[in-house]
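Remarks on the overall topology
These are the residues of each chain, in order.
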Amino acid sequence: MEHLKNALRFSPLHAVLAVVAYVALAQAVRFSRLQRLERTYRDRWLTTEDGKRRLDVTPAEAQEIMHLSFKRDLPGIVCYGTVFALFKTYAIPSISEILVKSGQFSSAAHVARRYTDTKVLVDSYVSCPVIDLASMAFLPTDDKEKDVDPRSAIAVARVNWLHSRWPMIRQEDYLYTLALFILEPIRWAKRYGWRPLAPLEEEVGVASLQTSTKPQTSYLGVLCLLVGDRSPDEHQRHSWDIG
């Protein structure tokens, strides 16, 4: 027994070696998932006639790419960036005026519940499979009977319905809010994360929103197409958001 205790006793040198080994292992594998994704989708980049690069992926593939930063590498940073994006919209007078009138974010009795509702809707939209319920009406009967997860489509429909009750919301306010939800997590990852989002992740952050809302005829579908019109000068897009 004494020999076993001596064998298990760690010296300071052992502790240092263990830390060095852990750091070396973490450094070796921390980018492995991102590199795997980049290898998988490196042939899916397309160059349009106007010289812009576009990523040709399905909604399911876009979500797979997004989940790396949202759920594995940078979940806390992305979450804080999204929350801060929500808060930044309150600084716009036309938006804050409607929020005050609704009483949902200015009343102590409702603010916690409404914040939770918003988080659940965003999480459902990002995490659950993206489907087009409208097009499913034209599917054969056998396909309709297959198990389908409708939570993402329900979340989009719920968001559209909630905002449709306030017809005075300006189109440019919709655009600004949506742009914040796309750009702010990217900015937070670059400033505070242990790594910035890769070009693949930045591009799919827009592409996934485009493809998942194209079937909708609501403001979301229109604005995603506008935000998705990415200029070669990324600085201009972020400067507009800040301004």
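About the thresholds
Residues numbered from 1 in each chain as written. Predicted model: local features only at pLDDT ≥ 70, side-chain atom pairs only at ≥ 80, totals over all residues. Heavy atoms only, no water. 1 Å grid on protein atoms, 1.4 Å probe; cavity = no way out; pocket = protein on both sides within 12 Å on 5 of 7 lines; lining within 4 Å. Points joined across faces, edges and corners; volume = space filled by probe spheres on them. Helix = DSSP H or I, 4+ residues; strand = E, 2+ residues; numbered from the N terminus. Nonpolar A, V, L, I, M, F, W, Y, C, P; charged D, E, K, R; others polar. Core = buried A, V, L, I, M, F, W, Y, C linked by side-chain atoms within 4.5 Å. Buried < 20%, exposed > 50% of the residue type's maximum accessible area, 1.4 Å probe, protein only. Contact = heavy atoms within 4.5 Å.

What follows covers the layout of surface pockets. For the second largest pocket, the calculated volume is near 310 Å³. Forming the walls of the second largest pocket are 16 residues, and the residues nearest its centre are Cys 79, Thr 82, Lys 119, Val 122 and Asp 123. Elements supplying a minimum of two residues to the lining of the second largest pocket: α4 (59–73), α5 (75–89) and α7 (111–127). By residue number, the principal contributor to the lining of the second largest pocket is α7, which donates seven residues. Across the lining of the second largest pocket, the residue classes tally to ten nonpolar, three polar and three charged.

Below, the discussion takes up the nonpolar core. Counting residues in hydrophobic clusters, the biggest one holds 18 residues, and the most contacted among them are Leu 37, Tyr 41, Leu 55, Val 57, Ile 65, Leu 200 and Val 204. Going through the elements one at a time, α3 (32–41), α4, α7, α10 (151–164) and α12 (199–213) are the ones with two or more residues in this core. A per-element tally of this core places α4 first, with four residues. Non-local contacts of Leu 37, meaning those with residues more than four positions away in its chain, are made with Glu 64, Ile 65, Leu 68 and Leu 200. Ranked by size, the runner-up nonpolar core spans seven residues in total, among them Ile 77, Val 78, Trp 188 and Leu 197.

In short, shape yes, function no, at least from these values alone.
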